[in-house]
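Chain by chain, the residues run as shown.
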Amino acid sequence: MKYVFRIVNALLAAAVFPAVVFLEFLLFRVSTTLFDAGLEETISIKFIFDVITGKEEMWHNLIFSDGGGVFTWPEALDPIKSKLIAVVVLFAVALVAALFVFIWSIFSNKRIPVLAASGLGIASTVAMNAVFNSAAQPLMDGTINVVEIFTSNWIVGILGNLVKVDYLGFAGFQNAIIFIFAGIIVWTLAFYLVEIGEPKEEKKKKKVKEQKK
């Protein structure tokens, strides 16, 4: 049974990574003050990779200066730079927690580290979502003009204040991460309950086997 426990934990932890890459990452809604119309779109990290590599040519040319693949940090985002860095760090912590659970489950039966790492993964993901919402607020209330982020492109620059960000936030991948870590915790605690219900003789036999190992 312990092998089943470890295999399931490892598979759940591994599921974090495709969820992060392929599930919807960001959701944004923009509108214009010229007429009653708007645009709602979601993007994934895979889409972001495609932008960086140039597969999404239009976005690549907007974000990278002169279309040459060199990223220039938009000065308009300076007021929220520290928060965006915090989001990246918290995101990395969640991924490291998932990687730890995956590796640990391959080599060890001990469950406390799995519970601790899963709890850390949930906490960092919740904090990441909260910090990102805080960082997105200035873009939604007009404190930061989203058009100024793309001032290197004259076509976008002439839009001025006509474009408004109605909503900007994570699109759901963060919920998938939380559910996966929660599943690992529930699965691990279930094994504790099974062990509690085992006869004392069985527990003694298991201890003897573990000592021999």
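Above this text sits the structure in question.
Rules behind the numbers
Residues numbered from 1 in each chain as written. Predicted model: local features only at pLDDT ≥ 70, side-chain atom pairs only at ≥ 80, totals over all residues. Heavy atoms only, no water. Pairing = 2+ DSSP bridges. Helix = DSSP H or I, 4+ residues; strand = E, 2+ residues; numbered from the N terminus. Axes fitted to C-alpha atoms, helices over the stretch in contact; angles between N-to-C directions. Patch = residues over 30% accessible without salt bridge, like charges linked within 9 Å, V, L, I, M, F, W, Y side chains within 5 Å. Areas by Shrake-Rupley, 256 points an atom, 1.4 Å probe, with all protein chains shown as cover. Salt bridge = Lys/Arg side-chain N within 4 Å of Asp/Glu carboxyl O. Phe/Tyr/Trp six-rings, centres within 6.5 Å; stacked < 30°, edge-to-face > 60°. Buried < 20%, exposed > 50% of the residue type's maximum accessible area, 1.4 Å probe, protein only. Expected span 1.5 Å × (residues − 1). Core = buried A, V, L, I, M, F, W, Y, C linked by side-chain atoms within 4.5 Å.

Trainee: Sorry, what's going on with the sheet that holds strand β5 (residues 163-170) here?
Mentor: For sheets, the rule is that strands pair by backbone hydrogen bonds, running either parallel or antiparallel. Ordered by their spatial adjacency, three strands build an open sheet running β2-β1-β5, and the pairing between neighbours is antiparallel. Bordering the open sheet on either side are β2 (38-44) and β5, each of which pairs with just one other strand. Neighbouring strand axes in the sheet, compared pairwise and without regard to direction, differ in orientation by 15° on average. With seven bridges joining them, strand β1 (residues 24-32) and β5 adopt antiparallel strand pairing.

Trainee: Just checking my understanding: could you explain the pairing of β1 for this structure?
Mentor: Both faces of the sheet carry side chains from a regular strand, because those side chains alternate between them. Bridge analysis of β1 against β2 gives seven bridges, and the strand direction is antiparallel. When the sheet's bridge partners are listed, arginine 29 is paired in β2 with glutamate 40.

Trainee: What is the right way to read a nonpolar patch on the surface from this model?
Mentor: Where nonpolar side chains cluster on the molecular surface, the patch consists of Phe17, Leu99, Phe102, Ile103, Ile106 and Phe107 and spans about 550 Å² of accessible area. Here the nonpolar patch gets five residues from one element, more than from any other, and that element is helix α4 (residues 81-107). By secondary structure assignment, the location of phenylalanine 102 is in helix α4.

Trainee: Would you take a moment to explain the packing of aromatic side chains for this structure?
Mentor: Working definition: an aromatic ring pair is given by the centre-to-centre distance plus the angle between the planes. The tally for this structure, following the rule as stated, stands at nine aromatic pairs. Summarising the aromatic geometry, the rings of phenylalanine 132 and phenylalanine 170 are spaced 4.4 Å apart at their centres and angled 25° between planes, so their arrangement reads as stacked. Of the two residues, phenylalanine 132 sits in helix α5 (residues 112-140) while phenylalanine 170 sits in strand β5, which places them 38 residues apart along the sequence. Here the two residues phenylalanine 132 and phenylalanine 170 agree in accessibility, since each one is buried. Residues tryptophan 187 and phenylalanine 191 carry aromatic rings whose centres are separated by 5.1 Å and whose planes lie at 65° to one another, so their mutual orientation is edge-to-face. Taken together, the positions of tryptophan 187 and phenylalanine 191, both in helix α7 (residues 173-196) and four residues apart, correspond to about one turn of that helix. Judged by relative accessible area, which is 27%, tryptophan 187 ranks as partly exposed.

Trainee: Looking at this model, I keep getting lost on α4. Mind explaining?
Mentor: Side chains of residues three or four places apart in an α-helix project in the same direction, reflecting 3.6 residues per turn. Under the 1.5 Å per step criterion, the end-to-end length of α4 is 39 Å for 27 residues, consistent within 8% with the ideal 39 Å. Inspection of α4 places Val87, Leu90, Phe91, Ala94, Ala97, Ala98, Val101 and Ser105 among the buried residues, and these make up the whole buried set.

Trainee: Even after reading the chapter, I still don't get the side chain of serine 105, so can you show me in this structure?
Mentor: By secondary structure assignment, the location of serine 105 is in helix α4. We classify serine 105 as buried; its relative accessible area is 2%.

Trainee: Got a minute to help me understand the nonpolar core in this structure?
Mentor: Note that soluble globular proteins tend to have their nonpolar side chains buried in a common cluster. Grouped together as the largest cluster of nonpolar side chains are 39 residues, with contacts concentrated most on Phe170 and Phe173. Those elements giving two or more residues to this core turn out to be α1 (2-22), β1, α4, α5, β5 and α7. Looking at this core, the element that brings in the most residues is α5, giving eight residues.

Trainee: How do you make sense of the pattern of salt bridges when you look at a structure like this?
Mentor: Side chains that differ in charge, positive against negative, can pair when their charged atoms come close. Overall, the coordinates contain two salt bridges when judged by the stated rule. For arginine 29, the salt bridge identified is with glutamate 40, shortest N-O distance 3.4 Å. Within this pair, whereas arginine 29 is found in strand β1, its partner glutamate 40 is found in strand β2, the two being separated by eleven residues in sequence. Accessibility expressed as a relative area gives 32% for arginine 29, which makes it partly exposed.

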